[in-house]
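Each chain is listed here by its residues.
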Amino acid sequence: MGDAGVSAMKSSLLENHTEKHFRAGEVVRDVIIGVSDGLTVPFALAAGLSGASVSSSVILTAGLAEVAAGAISMGLGGYLAAKSEADHYMRELKREEEEIINVPDTEAAEIAEILSEYGLEPHEYGPVVKGLRKNPKAWLEFMMKFELGLEKPQPGRALTSAFTIALSYIVGGLVPLIPYMFISTAQEAVLTSVAVTLVALLIFGYAKGYFTGNKPFGSALQTALVGAMASAAAYGIAKAVQP
């Protein structure tokens, strides 16, 4: 079969095959970071203040302030992390590009070494090395991915990460505070808050496990347990230190 026949067969096979891999990993990671912290931190704060016997209005005010501050802090952290990753990628890209220009034989030898680690023999990876040397752009991408293990960041990734984490934190943080908006007595509101938040943690943990490929029910129980332990610790400390 000629090259044209192989190419046609490849195109036909790819058109009839649908991959079911989940490709929104970075967005899901940001949502998980934002919601998990948003559900846990304000929940623990509200429970702790309830243990200190303050009014629901005070808890709500403190909780909303914490959600606002937390969203800004988490969003900024996400932005800086994504920006650092992008800057690191560009620095390594420039360095690798210079090496391909200045020491091409050494870089070609590195290609051969990488492919040999996958069990390919010299007569098998030789044509691949020659092909990449003829295509500097593909050569550079190959070295970035397989030598350095770096993936090219998506454009605007830093801002997207910041917005996603901040918004997720707000959504998660409002859940344990909702009962304090409608129940004036903190001791009654905290019980409703615990119930609502634990249900939210279970649902979120299940969804997290489902989208990340882990056991959904195990993830749900683990997430709820962490949130319950955090709130119980905060409540207990507040009770212990109050006069």
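Structure: see above.
Computed from a predicted structure; not experimentally measured. (Residues numbered from 1 in each chain as written. Predicted model: local features only at pLDDT ≥ 70, side-chain atom pairs only at ≥ 80, totals over all residues. Heavy atoms only, no water.)

(A) Highlighting the overall build of the protein chain. Across its full length, the protein chain carries ten helices and zero strands. Reading the protein chain from its N terminus to its C terminus gives the helix and strand order α-α-α-α-α-α-α-α-α-α. Residue burial in the protein chain is summarised as follows: out of 243 residues, 34% are buried. Of the contacts made within the protein chain by residues no fewer than 6 positions apart, 74% connect residues no fewer than 24 positions apart. Within the structure as shown, the protein chain displays about 14,700 Å² of accessible surface, and the carbon and sulfur contribution to it stands at 65%. (Helix = DSSP H or I, 4+ residues; strand = E, 2+ residues; numbered from the N terminus. Buried < 20%, exposed > 50% of the residue type's maximum accessible area, 1.4 Å probe, protein only. Contact = heavy atoms within 4.5 Å. Areas by Shrake-Rupley, 256 points an atom, 1.4 Å probe, with all protein chains shown as cover.)

(B) Structural view of the nonpolar core. The biggest cluster of nonpolar side chains holds 17 residues, and the ones touching the most others in it are Ile111, Val129, Trp139, Phe142 and Met144. Those elements giving two or more residues to this core turn out to be helix H3 (56–102), helix H4 (104–116), helix H5 (122–133) and helix H6 (136–147). Apart from residues lying up to four places away in sequence, tryptophan 139 is in contact with Ile100, Pro104, Glu107, Ala108, Ile111, Leu132 and Arg133. (Core = buried A, V, L, I, M, F, W, Y, C linked by side-chain atoms within 4.5 Å.)

(C) Focus on the side chain of aspartate 30. Positionally, aspartate 30 belongs in helix H2 (residues 25–51). Here the side chain of aspartate 30 touches arginine 157 through a polar contact of 2.8 Å, side chain to side chain. When near neighbours in sequence (up to four residues on either side) are disregarded, aspartate 30 contacts Arg157, Ser161, Thr164, Ile165 and Ser168. (Polar contact = N/O pair within 3.5 Å; in protein donor to acceptor, adjacent residues only side chain to side chain.)

(D) Structural context of a nonpolar patch on the surface. Residues Leu64, Ile170, Leu174, Ile178, Met181 and Phe182 make up a contiguous nonpolar surface patch of about 530 Å² in total accessible area. Looking at the nonpolar patch, the elements that each hand over two or more residues are helix H7 (157–174) and helix H8 (178–182). With three residues, the top contributor of residues to the nonpolar patch is H8. (Patch = residues over 30% accessible without salt bridge, like charges linked within 9 Å, V, L, I, M, F, W, Y side chains within 5 Å. Salt bridge = Lys/Arg side-chain N within 4 Å of Asp/Glu carboxyl O.)

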